[in-house]
Amino acid sequence: QRQPTESGGGSVQAGESLRLSCVFSGYASCRYDMSWHRQAGQKLREVVSRIDSAGSITYADSVKGRFTISRDNSKNTLYLQMNNLKPEDTAMYYCKQDPSPGLSPTICPGYWGQGIQVTVSS
């Protein structure tokens with residue numbers, strides 16, 4: 001399975017917006033939960049947002065009201081719209097693909113993307 005590929009990162013000023021995209025490999029018999037994670041400096045990697053195969057969505061408290069996660073299964077693409085960016089959003093952002101609960105990770109493997117940098121200046 002090909003590694004998911006992120007795009008859309010960059011450097012912006014506080015208050016501006018970015019839209020991240022993640023293209024992943026899909027399999028006909030597999031259902032995937034998708035998520036965005038971020039890691040700033042030497043901090044632990046944290047979950048930013050998740051959207052499961054049924055469309056249920058969760059957000060970290062720090063991004064609620066500012067970020068929006070979505071997916072287009074026909075294009076095997078995951079998105080993260082990031083509005084009103086803050087300096088504390090600066091991090092490497094990773095796309096993650098996981099088989100939905102109950103599915104075999106051997107038959108439906110999951111992978112991390114390479115990551116893409118987002119830098120927000122004050």
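This text goes with the structure placed above it.
So, how was this worked out
- Residues numbered from 1 in each chain as written.
- Predicted model: local features only at pLDDT ≥ 70, side-chain atom pairs only at ≥ 80, totals over all residues.
- Heavy atoms only, no water.
- Helix = DSSP H or I, 4+ residues; strand = E, 2+ residues; numbered from the N terminus.
- Buried < 20%, exposed > 50% of the residue type's maximum accessible area, 1.4 Å probe, protein only.
- Contact = heavy atoms within 4.5 Å.
- Polar contact = N/O pair within 3.5 Å; in protein donor to acceptor, adjacent residues only side chain to side chain.
- Disulfide = S-S within 2.5 Å.

Undergrad: What is the right way to look at the environment of Cys30 in this model?
TA: One can find Cys30 in the loop between β3 (18-23) and β4 (32-39). For Cys30, a relative accessible area of 11% translates into the label buried. As a C-alpha pair, Cys30 and Thr77 span 47 residues in sequence and 15 Å in three-dimensional space. Setting aside anything within four residues of it in sequence, one finds Cys30 in contact with Ile107 and Cys108.

Undergrad: Would you explain the side chain of Ser100 in this entry?
TA: You can see Ser100 is positioned in the loop between β9 (91-99) and β10 (111-112). By relative accessible area, which is 3% here, Ser100 ends up buried. Looking at Ser100, its side chain comes within polar contact range of the side chain of Ser53, at 3.0 Å. Not counting chain neighbours up to four residues away, the residues in contact with Ser100 comprise Arg31, Tyr32, Asp33 and Ser53.

Undergrad: What is the right way to read the state of the cysteines from this model?
TA: A covalent bond bridging the sulfur atoms of two cysteines is what the word disulfide describes. For the structure on display, the rule yields two disulfides. Paired by a disulfide, Cys22 and Cys95 hold their sulfur atoms 2.0 Å apart. On the S-S bond that ties Cys22 to Cys95, the torsion sits near -70 degrees, and the link is left-handed. Within this pair, whereas Cys22 is found in strand β3, its partner Cys95 is found in strand β9, the two being separated by 73 residues in sequence. On the basis of relative accessible area, Cys22 is assigned to the buried category, the value being 0%. Overall, Cys95 belongs to the buried group, its relative accessible area being 0%. Residue pairing for Cys30: its cysteine sulfur links by disulfide to Cys108, the two sulfurs lying 2.1 Å apart. On the sign convention where negative is left-handed, the bridge of Cys30 and Cys108, at about -85 degrees about the S-S bond, is left-handed. With Cys30 in the loop between β3 and β4 and Cys108 in the loop between β9 and β10, the pair connects residues that are 78 residues apart, well separated along the chain. When its relative accessible area of 3% is taken as the criterion, Cys108 is described as buried. Along the protein chain, the cysteines engaged in disulfide bonds are linked according to the scheme 1-3, 2-4 when indexed in sequence order.

Undergrad: I'm lost on unusual backbone geometry in this one. Help?
TA: A negative phi holds for most residues other than glycine; trans holds for most peptide bonds. Even without being glycine, Asn76 reaches a positive phi, approximately 50 degrees. Counting through the fold element by element, Asn76 comes out in the loop between β7 (67-72) and β8 (77-82). Its identity is not glycine, yet Asn84 carries a phi of approximately 50 degrees, on the positive side. Considering the arrangement of structural elements, one finds Asn84 in the loop between β8 and β9. Using a relative accessible area of 41% as the deciding quantity, one classes Asn84 as partly exposed.

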